[in-house]
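# Coordinate inspection notes
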Amino acid sequence: MIDPSAAADIADALARTGVAIRAGFLAPDLVLELASESRTAFSAGRFHAARVGMGETRVLRPDVRGDHILWLDTPDSDVRRAYLAQMEALRLALNERLFLGLLDYECHFALYPPGGFYQRHVDRFRGDPRRAVSAVLYLNETWESVWGGNLRLFESERADSPYRDVAPQGGTLVCFLSNSVAHEVLPTTHERLSLTGWFRRRI
Ligand code: OGA
Ligand code: MN
């Protein structure tokens, strides 16, 4: 189960800076199993190309994002249940420390094939204020910096904002405020795996 001091560190960093980065958030064996489930489901054709926008206005925009996703609607394996239990513990810890009123968590596997990227964006949808905290857990066992594929987190909404890059190293969890933190996925030359989700509030 989640280490209480990890949850506290994540909550404090989120409150202070809007971003929290935690290496080794999930045990390496769980990360390996999640990566293997993700690759198996991708090979079985269960992923689909991710779209941009929500509801009726969702469209394919390969010029904006190149990842393929699979929603975790039914946690139909032990390792998915273990991941969701960990995120549930984090939800409770964030509510306890930050009074965010986070109600639930939605998440999907994401796979960026070589050449994939996701242009700069903010996660909260216009017209749907529910997404409050984004949480990305990386699943590649190793990551070489020459592969690219970093997550770039901007400090402000200005076009020339300073930024910080995070390598998608397996086990690292990145949390950030969904309504304000602009970010992008730099082009990757190597298959890049993650589990990406959002803690949501009531409308
Ligand atoms: C997203 C996203 C970041 C990442 O799916 O909205 O920004 O590092 N993902 O995968
Ligand atoms: Mn995003």
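The paragraphs below set out a description of the structure included in this document. (Residues numbered from 1 in each chain as written. Chains lettered and ligands numbered in written order. Predicted model: local features only at pLDDT ≥ 70, side-chain atom pairs only at ≥ 80, totals over all residues. Heavy atoms only, no water.)

## With respect to the site of ligand 1
As a reminder, the rule being used: Here a residue is near a molecule or strand as soon as one of its heavy atoms is found within 4 Å of it. By the criterion applied in these results, polar contacts are pairs of N or O atoms within 3.5 Å in which, for protein atoms, one can donate a hydrogen and the other can accept it, and in which residues neighboring in sequence qualify only through two side-chain atoms. To measure how exposed things are, a 1.4 Å probe is used in the Shrake-Rupley method; for residues, cover is taken only from the protein chains shown. A run of H or I in DSSP counts as a helix once it spans at least four residues, and a run of E counts as a strand once it spans at least two, with each numbered from the N terminus. Under the scheme applied here, ten amino acids are nonpolar (Ala, Val, Leu, Ile, Met, Phe, Trp, Tyr, Cys and Pro), four are charged (Asp, Glu, Lys and Arg), and all others, including Gly, are polar.
By nearness alone, every residue bordering ligand 1 is listed as Y118, H121, D123, V136, Y138, L151, H183, V185, R192, T196 and W198. Between Y138 and ligand 1, the recorded distance is 2.5 Å, taken from a side-chain N or O atom to an oxygen atom. R192 places a side-chain nitrogen or oxygen 2.8 Å from an oxygen atom of ligand 1. In isolation ligand 1 exposes 290 Å². Once the protein is present, 98% of that is buried. Elements with a minimum of two residues in the shell around ligand 1: β5 (118–121), β6 (131–138), β10 (183–185) and β11 (192–201). Looking at the shell around ligand 1, the element that brings in the most residues is β11, giving 3 residues. Here the residues of the shell around ligand 1 are counted per class, giving 6 nonpolar, 3 polar and 2 charged.

## Focus: the sheet that holds strand β8 (residues 163–166)
Threshold: We call two strands paired when DSSP finds no fewer than two bridges between them. Fitting a line to C-alpha atoms yields each axis, with helices limited to the stretch in contact; the angle taken between N-to-C directions then spans 0 to 180 degrees.
The sheet built from 4 strands is open, its strands ordered β5-β10-β7-β8 with antiparallel pairing. Of all the strands in the sheet, the pair left with one neighbour each is β5 and β8. Each neighbouring strand pair of the sheet contributes to a mean axis angle of 15 degrees, computed without reference to strand direction. In terms of strand pairing, strand β7 (residues 151–154) meets β10 through 3 bridges, oriented antiparallel. Counted as the bridge partner of L153 is H183 from β10.

## Section: the sheet that holds strand β4 (residues 102–112)
Note the following rule: The contact criterion used is simple: two residues touch if any of their non-hydrogen atoms lie within 4.5 Å.
Pairing within the open sheet is antiparallel, and its 7 strands lie in the order β1-β9-β6-β11-β4-β3-β2. Strands with a single pairing partner mark the edges of an open sheet, and in this sheet they are β1 (19–22) and β2 (48–49). Relative to strand β9 (residues 173–177), β6 runs antiparallel, the two being bridged by 5 bridges. Note that in β9 the partner of S134 across the bridge is F176. Seen against the sheet, helix α1 (residues 4–17) touches β1, β6 and β9 and runs at an angle of roughly 150 degrees to β1. Running at roughly 100 degrees to β11, helix α2 (residues 28–43) makes contact with β3 (68–71), β4, β6 and β11 of the sheet.

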